[in-house]
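So you can see what is in the structure, the chains are spelled out below.
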Amino acid sequence: MLKITRRAALSVGAALPLVAINRRPAHAAEFTYKMAHNTAVTHPLHIRASEAAAKVKEGTSGRVEITVFPSSQLGSDTDTLSQLRSGAVEMFTLSGLILSTLVPVAAINGIGFAFKDYGKVWEAMDGVLGQLVRSEIGKRGLYAFEKQWDNGYRQITSATKPIKTPEDLKGFKIRVPVSPLWTGMFTAFGSSPTSINFSEVYSALQTHIVDGQENPLAIIDSGKLYEVQKYLSVTNHMWDGFWLLGNKRAIEALPVADRLVVETEFNKAGVLQRADIAQLNATLKGKLQAGGLTFVDTDPAAFRETLKRAGFYNEWKGKFGDHAWGTLESVVGALS
Ligand code: X2X
């Protein structure tokens, strides 16, 4: 039998790269992917995504390792979308409205007061409207997972005065996410909207660059926005969800069976996350009040009427086009 000394083995290894490859520890992942998102670690999106990542590792025998980066740690939403497109980040959850800077139709679920309840939201997003948006996303080098994650119905908060009627929004300095639909909607209300990424919202409120903002209860809570705001007006003015996006090359690089595990686990996690948000919607009011927010009831019909009179629905119907608008209306009924 040929006896190879350690020194000889090393020199052979140096000459033959294959030997070096074989020496890789058995547990090293073949695919190490980064998943970015903008919510805090206490938000259900982070909790469920982290669980899914652990299940993917287990289900792929360690071949696929996804590290979840919360709180915009890898950059603002706008930055991270660029990183996702270049492949520097492989997975990312993003509001369809912000994604609309790349895929215009992705903003369509943000049309003011479009969905009367969650039944309609999921009927549309798990059905014809979601399919339409996903296929447009697919044309831009990105992959949209089947199940959208919930952000929620959005409510307006203010540090200066309670917003009770649409008139109270006139001239109001409000932060909106970076998206033409958000800017357009608050311009239609006569407000003075400023586009700011979520990573900067707490400090923008704290330093009074803006007087208010709008977000679902779970974000107001997990982002501790109650520390820098006084009033919360229950407006439910739009429903917003997160698309879980993948860089298409990165998703397609996965072996078929591993890709199936990733899709299955993250879609399951998305559905669980929706239930978590529903649970929080039912319980957060008391917690936020204890945190110092005064809740203000509004008449959503008056806000909707203001948008209508400002020509908001006609304008956006024109922008989205008859096909997309008709797809939305096929689920929710006539809007304009
Ligand atoms: O930026 C926001 O306000 C947030 C967290 O709701 C979104 O991701 C759109």
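Residues numbered from 1 in each chain as written. Predicted model: local features only at pLDDT ≥ 70, side-chain atom pairs only at ≥ 80, totals over all residues. Heavy atoms only, no water.

**A short note on the overall build of the protein**
In step 1: Counting its secondary structure elements, the protein contains 14 helices and twelve strands.
In step 2: Counting all 336 residues of the protein, 51% fall into the buried class.
In step 3: Sequence separation of 24 or more characterises 74% of the internal contacts of the protein that already satisfy a separation of 6 or more.
In step 4: Charge centroids of the protein, computed over 37 positive and 32 negative side chains, lie 6 Å from each other. (Helix = DSSP H or I, 4+ residues; strand = E, 2+ residues; numbered from the N terminus. Buried < 20%, exposed > 50% of the residue type's maximum accessible area, 1.4 Å probe, protein only. Contact = heavy atoms within 4.5 Å. Lys, Arg positive; Asp, Glu negative; His and termini not counted. Charge placed at Lys NZ, Arg CZ, Asp CG, Glu CD.)

**Considering the pattern of salt bridges**
In step 1: Applying the stated criterion to the full structure yields 15 salt bridges.
In step 2: Its salt-bridge partner being Asp221, residue Lys287 comes within 3.1 Å of it at the nearest N-O pair. Placement of Lys287 in helix α12 (residues 256-290) and of Asp221 in helix α10 (residues 217-222) is noted, with a sequence separation of 66 residues between them.
In step 3: On the accessibility criterion, Lys287 (48% relative accessible area) is partly exposed.
In step 4: For Asp221, a relative accessible area of 12% puts it in the buried group.
In step 5: A salt bridge links Glu315 to Lys319; its shortest N-O distance comes to 2.9 Å. Of this pair, Glu315 and Lys319 both sit in helix α14 (residues 312-332), separated by four residues, roughly a single helical turn.
In step 6: Take Lys319: its relative accessible area is 52%, and that puts it in the exposed class.
In step 7: It is possible to trace a salt-bridge network through shared partners that takes in Arg48, Glu51 and Asp276. (Salt bridge = Lys/Arg side-chain N within 4 Å of Asp/Glu carboxyl O.)

**Examining the site of the ligand**
In step 1: The environment of the ligand is formed by Asn38, Ser95, Asn151, Arg154, Arg175, Pro177, Trp182, Phe198, Asn215, Ile219, Asp240 and Phe242.
In step 2: In this structure, Arg154 approaches the ligand through a side-chain N or O atom, which is 2.9 Å from an oxygen atom.
In step 3: In the environment of the ligand, an oxygen atom lies 2.5 Å from a nitrogen or oxygen atom belonging to the side chain of Asn215.
In step 4: Within the complex, 100% of the 270 Å² of free accessible area of the ligand lies under protein.
In step 5: Looking at the shell around the ligand, its residues break down into five nonpolar, four polar and three charged. (Near = heavy atom within 4 Å. Polar contact = N/O pair within 3.5 Å; in protein donor to acceptor, adjacent residues only side chain to side chain. Areas by Shrake-Rupley, 256 points an atom, 1.4 Å probe, with all protein chains shown as cover. Nonpolar A, V, L, I, M, F, W, Y, C, P; charged D, E, K, R; others polar.)

**Structural notes on the confidence of the model for the protein**
Detailed conclusions should not be drawn from predicted coordinates in areas where pLDDT is low.
In step 1: Per-residue confidence for the protein averages 94 on the pLDDT scale, and 92% of its residues sit at or above 70.
In step 2: Counting interchain partners and residues more than four positions distant, the pLDDT-below-50 stretch residues 1-20 has five contacts. (pLDDT = per-residue confidence, 0-100.)

**What about helix α7 (residues 128-138)?**
In step 1: Of the positions making up α7, those classed as buried are Leu129, Gly130, Leu132, Val133 and Ile137. Angular distribution of buried residues about the axis of α7 spans 160°; they occupy a single face of the element.
In step 2: Against the buried residues of α7 lie α5 (96-99), α6 (118-125), β4 (142-144), β11 (239-247) and α14. (Arc of directions from axis to C-beta.)

**Focus: helix α13 (residues 300-309)**
In step 1: Inspection of α13 places Phe303, Thr306 and Leu307 among the buried residues, and these make up the whole buried set. The buried residues of α13 occupy one face: seen down the axis, they fall within an arc of 100°. Of the exposed residues in α13, those oriented more than 90 degrees away from the buried face are Ala301 and Arg309.
In step 2: Considering only its buried residues, α13 is in contact with α8 (180-188) and α14.
In step 3: In the stretch just after α13, Gly311 is the one whose phi turns positive, near 85°.

**Considering the nonpolar core**
In step 1: Of all hydrophobic cores here, the largest spans 57 residues; its most connected members are Leu99, Ile111 and Phe115.
In step 2: The biggest single contributor to this core is α14, with eight residues.
In step 3: In contact with Ile111, other than residues within four places in its own chain, are Leu181, Phe312, Tyr313, Trp316, Phe320, Trp325, Leu328 and Leu335.
In step 4: One finds Ile66, Tyr143, Phe145 and Phe266 within the second-largest nonpolar core, a separate group that totals 24 residues. (Core = buried A, V, L, I, M, F, W, Y, C linked by side-chain atoms within 4.5 Å.)

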